[in-house]
Each structure stands twice: as C-alpha cells, then as structure tokens.
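Chain and residue survey
If you want the building blocks of each chain, they are given just below.
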Amino acid sequence: MAEFDFSTGIKRLSEAMTSGCSEVPFIAQAHEFSMRESGIPGDEFYTDAKKFVRGICQVSERFGFDTPSFIWDVYNIEAEALGCGLVTFKDMAPAIENVDPLVKCERDIGRLKAPDPYSAGRMPMIFEILHEMKTQANITPLPCFCAPFTLASHVMTFENLVVQMLENPQLVHKLMRFLVDEVIAPYMNALIEEFPETEFVDGSDAVASLPFITQDMLEEFALGPLERLQKQVSRPVYCDNWWGDSFTNDLHGFWAQKLRVTPGFLKVQDPDLFKLGVQPVIDYAKEKNLPVVLGVDNNVFQNGPKQEIQMRIHEYMEAIEEVGKGAVYLCSLSAVTPAENVEIAIASARQFRTGDRPWAGQRRAGSPEARGETSARIDASTDVVARQAVSDVVATEEDLMLDDIFDAVLDQDDGEVVGLVSSALEKNMDVHEILNEGLIAAMDEVGDDFSEGKIFVPEMLMAARAMKAGLNVIRPVLTETGAPPKGKVLLATVQGDVHDIGKNLVGMMLEGAGYEVLDLGVNKTPEEILERADGFKPDVVGLSALLTTSMPSMQKTVALFRRLKSEFPVVVGGAPVTQEFADVIEADGFGENAPLAVATVHRLVALQNNATQLAG
Ligand code: B1M
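The model shown is predicted, which means the values in this text are computed figures rather than measured ones.

A short note on the side chain of T493
Here T493 is to be found in strand β10 (residues 487-493). In this structure T493 comes out as buried when scored by relative accessible area, which is 0%. If near-sequence neighbours (up to four positions away) are discounted, T493 is found in contact with H499, D500, K503, G521, V522, N523, K524 and S544.

Description of the pairing of strand β7 (residues 266-269)
Of the two faces of β7, the one lined by L266 and V268 and the one lined by K267 and Q269 are each fully buried. When β7 meets strand β8 (residues 292-296), the two strands line up parallel, connected through four bridges. Directly across from Q269, in β8, lies its bridge partner G295.

As for the site of the ligand
V498, H499, D500, S544 and T548 are the nearest of the 40 residues found near the ligand. A distance of 3.2 Å separates a nitrogen atom of the ligand from a polar atom in the side chain of S332. Elements with a minimum of two residues in the shell around the ligand: α8 (148-156), α15 (298-303), α23 (501-512), β12 (540-544), β13 (570-573) and α27 (594-615). Tallying contributions element by element places α23 first for the shell around the ligand, with four residues. Tallied by class, the residues present in the shell around the ligand amount to 21 nonpolar, 16 polar and three charged.

Focus on the coordination of the cobalt atom of the ligand
There is one protein donor for the cobalt atom of the ligand, namely H499 (NE2), at 2.3 Å. Of note, H499 is situated in the loop between β10 and α23.

Side note on a negative patch on the surface
A cluster of acidic residues, D404, D407, D411, D413 and E416, forms a negative patch on the protein surface. Position of D413 among the secondary structure elements: in the loop between α19 (397-410) and α20 (414-426).

With respect to the nonpolar core
Core analysis: the biggest nonpolar cluster contains 181 residues, and F149 and I474 have the highest contact counts within it. Of the residues forming this core, the biggest block, 15 residues, is contributed by helix α10 (residues 169-194). Not counting chain neighbours up to four residues away, the residues in contact with F149 comprise L161, M165, M176, D205, V207, A208, I213, F221 and A222. Listed in part, the 25 residues of the second largest apolar core include L490, F536, V558 and V577.

As for the sheet that holds strand β9 (residues 326-330)
Taken together, four strands build an open sheet; the order of strands is β1-β9-β8-β7 and the sheet is parallel. Single-partner strands in this sheet number two, and they are β1 (26-28) and β7. Going from strand to strand, the sheet's axes swing by 25 degrees on average, the running direction of each strand aside.

What counts and what doesn't
- Once a new chain begins, its residue numbering starts again from 1 and follows that chain's sequence as written.
- Only residues with pLDDT of 70 or above have their local features reported here, since the model is predicted, and side-chain atom pairs are shown and tallied only from 80 upward, although totals for entire chains, interfaces and linings are computed over all residues.
- In computing side-chain properties, one takes all heavy atoms of the structure into account and sets aside hydrogens as well as water.
- The numbering of helices and of strands both runs from the N terminus, where a helix is a DSSP run of H or I of at least 4 residues and a strand a run of E of at least 2.
- Relative accessible area decides the class of each residue, using a 1.4 Å probe on protein chains only: under 20% of the type maximum gives buried, over 50% gives exposed, and in between gives partly exposed.
- Contacts: residue pairs with any heavy atoms within 4.5 Å of one another.
- Strand pairing is defined by DSSP finding a minimum of two bridges between the two strands.
- If even one non-hydrogen atom of a residue comes within 4 Å of a molecule or strand, that residue is called near it.
- In protein, a polar contact requires one atom able to donate a hydrogen and another able to accept it; more generally it is a pair of N or O atoms within 3.5 Å, and residues adjacent in sequence count only if both atoms are side-chain atoms.
- Only Asp, Glu, Lys and Arg are considered charged in this grouping, and only Ala, Val, Leu, Ile, Met, Phe, Trp, Tyr, Cys and Pro are considered nonpolar; every other residue, Gly among them, is considered polar.
- Coordination partners: N, O, S within 2.8 Å of the metal, 3.2 Å for Na, K and Ca; water not considered, so apparent gaps in a site are possible.
- Patches in this entry comprise residues that are over 30% relatively accessible and not in a salt bridge; like charges within 9 Å are linked, as are nonpolar side chains (Val, Leu, Ile, Met, Phe, Trp, Tyr) within 5 Å.
- In short, Shrake-Rupley with a 1.4 Å probe defines the accessible areas, and a residue's cover is counted only from the protein chains shown.
- Each salt bridge in this description consists of a side-chain nitrogen of Lys or Arg and a carboxyl oxygen of Asp or Glu lying within 4 Å of one another.
- The charged-residue count follows a simple rule in which Lys and Arg add positive charge and Asp and Glu add negative charge, with His and chain termini not counted at all.
- Here the site of a charge means NZ on Lys, CZ on Arg, CG on Asp, or CD on Glu.
- To define a nonpolar core, start from buried Ala, Val, Leu, Ile, Met, Phe, Trp, Tyr and Cys residues and group those joined through side-chain atoms within 4.5 Å.
- Note on geometry: axes are C-alpha line fits, over the in-contact stretch for helices, and angles between N-to-C directions span 0 to 180 degrees.

Right under this line is the structure:
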C-alpha cells in the first residue's frame, strides 16, 4: 500500500488531457519549492531519492496540487555524468557551471566518454527516484532527460554553439549524434528496461527557444536530434518546453514544430502566452482538436499581488474550458515563492471550479500592456543618423569605406570586417573614425534592431563577434596613439545563478562600444566581486541575475559595495530585474536589455567624467 494517494488528481488530469474534464486540473513543477517547504538543504534534497520524493509528495498533499510533479533538476544529470562541473547550493537546485567547457574544438568531441547510466554522476539516483515514485505514491515512472540542444550548450557553451552552428554545422551535428546515440538514448532505454510500465519519456530544452536561436536553427539542431532520439528510444519521446511563441513571425509553423515532438497537446507558457493572449491558442487548438497546457509565469506566484494570481489562473482556466481539454501548468515554483501565494493559487483554481468567477470573460493577456508596448526603447543612434546624413551629401572615399565596415558588421562577416579595417588603416584613416563611425555605429544599429525584435540573439552575437574582430585590428593602433578605452567595466552573474547568455551579450556590446570588459563569469559571491573590483578599478560594475532566487544576492552585492563605501557605480540587469528593483537596492543604474545596458554605462561614465572635470 503506497503512503500517498493522488489517484483522484491523476484521474482528473488524464481525463482532462484526453476526453476533457469539467474540472480543469492544476499542475506545478515544484521541486525547489518542496525543498524549501521540507526544510531540507539543497545538497541533501537533490542527492537523496527518498527524501526528494517524500518531500514532493508531502508538499503536494499539503498544498493540494492535483498531482505531484517529480521532475528533478533535469538539466544537469547527463551533463554532470559527462563530466561538466556541478555547483550545489543549500537553498536552491544544483546547476552546471561552465567555467571550462568540455568541448572547445572538434577533437574534444572524440574525447567525450559515454556515461554508464548505472554508475555515472547522479544517473543511478534517477533510477531510485522513479522507484520511490512507485513505492511511495504508486505513480507510473516518468523518465526525463535534458534535450540534445540544451545538453550541447552545457558541453560547449551557448556562444560557441551558436558560432559553430553557423560556421561549422557538421561539428554540431557530430556532437548531437554523440549526445543522442551515446548519452541520452542509452540512459532512457536503461530506465525503460528497469521500469517497463513507462508510457513515454519527457525532455526539457530551455536553451532551444526563440529568440536565443532562430526557427531554422531550431529545426536543424534541436528538432532534428530529437527526431533521431525518437527512433532510438523504445517509448514515445516528448519534449515540450520551447519558449518564444511571442517572437516568431510564423506562429503556426512554430506550433507545428512543437507538435512534432509533443503530438499529444500544445503547451504555451508565460511570458509568451501573456503577450500573445489566449485567443490564438484557443483557435488553433480547437481547429486541430488538441488539448492545451497553459503555463503561468512563476514570477506571478513569487511577486503576486493576490489579484494578479487569481485573475491569471481564472483567465487561463476559462481558456482551457473553451478548448474543452487541457490543464494549467505552473512552470517551476522556486525556493523563494511565498507559501501563501501558492495557497492563493490553489484556492483560485478551486473557486473557478465551483463556478465562482468574478472575472468571467475578462481578457488581459494579449493587451498592449501585456505585450509591454509601453516600455522604453533605446533611441536610434544619433551617430548613425549623423554619419549617414553626411555620407548622403558628400560620399568621399573614406565615407564609403566606413559604410562598408558598418555593413560588414551588420552582415556579421568577421573576415570582411578585418580586411576592411586593415585597409582603412593602411590608407591612414583616423582610427577613432573607424572605431566610432564604423564599428561602434554598426553595433548601435544592431542593438536597435534587437530591441525592436527585428533580429534574434544569434545575429546580435555574430555581429558583436565581427565587431570584436575589427576591434582587435585597431587595438594596437589605439594603444599606440595613447587613446584610452571609453572606460572599464567589471561584469558578473551573481551568486546562485549560472545564467550567462544575457550577461555575455552585454559584455560583447560593451566591448563593441569601446569599453574594456573584465567578465568574472557566473555564480560570484558579493565578496569575490568586490575583491576583483578593488583590483581592476572599473568605472562601472555590472551585475546580472536571471533568477528571482538570485536577486537577493544581487541586493547583497550592492549592499556590500555601499557598506564599504566603494566608489564603483553598479548597473544591474537580467530578465526579472526591473528599474523599481534597481531603485530599491540602490543600484546606480539598470539596463532592460544589452543595448540599454550600454546606454546606462555611457551615462554613468559621462557623469563620472563630468564630476572629475568639475573637481579638477
Ligand atoms: Co533557466 N530559468 N534555469 N536555464 N532559463 C529561466 C531564467 C526561467 C525564467 C525559466 C522559467 O522557469 N520560466 C526560470 C527563472 C524563474 C525565476 O526565477 N523567475 C529559470 C529557472 C528556474 C532555471 C533552473 C532553476 C531550472 C529550471 O528551469 N527549473 C536552473 C537554475 C540554474 C541556476 O542558475 N542556478 C536553470 C537553468 C537553465 C539552463 C542551464 C538550462 C539555461 C542557462 C544556460 C546559460 O545561461 N548558460 C537556462 C535558460 C537558457 C533559461 C531561459 C530559457 C533563457 C534565459 C536566457 O538565456 N535568455 C529562461 C526562460 C526564458 O527566458 N524564456 C530561463 C536569453 C538572454 C539573451 O536574455 O538573460 O534575459 P537575458 O538577458 C537579456 C536582458 O535580461 C539583459 O540583456 C540581455 C540581452 O538583451 N541583461 C542585462 C542580462 N544581464 C544584464 C546585465 C545588465 C543589464 C542587462 O547590467 C549589467
């Protein structure tokens, strides 16, 4: 006899996803929240299968989730088994820290060793978790995996993966074949062999989302390997968590891609769902007769307020009712989500089910506010406008040369940029003109295009790389002429957080704008950041955080700088960070995205320069 009984909720979910159910189910990925509520430190919770499963069962029962979700820190298992560095925390899930990536060049792929599912890293613990799910809660085991694309970004870093996809796709395909054939498929098949009742296996693939990659990249490098995996695993293979629905120009094409790896239902989640609105999802699902899984942003549960939680749940439940089949999904209840907000969420779901619907028919998702159309955008670069205006009137040979450099950066052609910058120098063109009116002006334009959603992350990344190639050519001349960089910036992702794609982009854009950048990497303590700042003497310190759980660490870092009366201005950014938060923690500046971060750094450096001049 199992200790926990979730049979009613499981029946409700299974009916809701097939024939439909009068009571829309409410499911949550809640491992971190369960860890906190169980009072078990992270390094114990994520290494002890019994405690992990019991903690999740107890919390799911106490809060009244329809079914528990046993998804563990699913992004880490295969990477850890391959030898990537894993950092553990007391107060959150472990994470892969890519300080020294396993694959830096093609030869490294041959050096990768296929992990043994029965002994490598924490793979054996996953067998135990699935076993505990059966014994403690009588739940059919669900083997989960980190999808090939996200796994590839762990073993070779996201930036390098993007570069190689564009420049050496064969290398990426070779890596993907290894990850599918030698890592994920054997691991999934070993779990299925142990648990033959397994109905399907489920992947997570956060990195393969728009706008971090384009839809074409998704097709070739994320979907392709997943379809290869489907042929090698002895049960259906699903993978349902690509974000980016609000970025595509071909929404139905994107959903068709999703359905190729999750044919049973359409999942759309916040923030994309809130921006798009529920109507396009309802229409598509009805046309295709598909159940929908609508995901509520976990920021809503973390930050509230109460009415926001209630209205979001009611709106999405109403949409599911209109479709006829589906469930509300809560993506990743974190360790800092207040218990009372989870209670409010569950109570709202129950209130909706009883027919008490104070917001019936009200649609907020999809409104201009939800789409963020009121948010500030960076102005078009005056430099570019001025340069183009001049070149329109008198197009000298030098102007044409600068135009070519500008275009080559926009075309992301590093070879062309190097050639053009070298010949501009040979023609004795002013190095500052090349820098400011060629390279930097082009990056300003790239920044505007990104802010306006005209280009995706890979294009910005490759343009920044081309710009850097040009910078390397002029750097010796700049140093010779005694021209200092515009300033120095120290960058870090704060403690507890290993997200670095955004921070790295900020770094590239800053270099592109003429700054010397020292990037400390990820998961940096306040003390480490302060110590390195004291040594490097930056004009600005930039902190990045992508997790609400790491925002307190950002606050601590700024507080430490203030307490020790450090003179370095601090700029903060990252998806959950807002201007209001920056004000509360007394940061000196905020950047909503990479181009706006550069604008803020410009402003702070200019302020410092003015202050120095006044003092002088
Ligand atoms: Co994670 N992750 N992740 N993740 N991940 C998010 C951030 C999340 C929103 C997904 C979700 O659950 N909805 C969620 C955070 C929820 C929250 O706290 N509010 C989350 C979570 C919970 C987690 C894990 C716990 C695992 C899980 O999902 N359950 C785990 C935590 C690990 C840890 O850090 N301790 C985890 C792990 C991972 C991967 C390793 C798989 C991978 C990171 C790979 C890497 O960075 N090397 C990953 C990814 C890729 C994401 C998503 C999909 C994308 C983040 C990203 O790179 N965006 C994200 C969900 C989403 O956004 N759809 C998600 C692209 C990047 C260009 O944007 O970083 O915002 P961004 O940077 C922007 C701006 O914010 C700004 O400029 C950039 C460019 O314009 N900016 C600055 C950034 N830093 C700045 C600094 C500045 C100024 C501006 O001044 C200095």
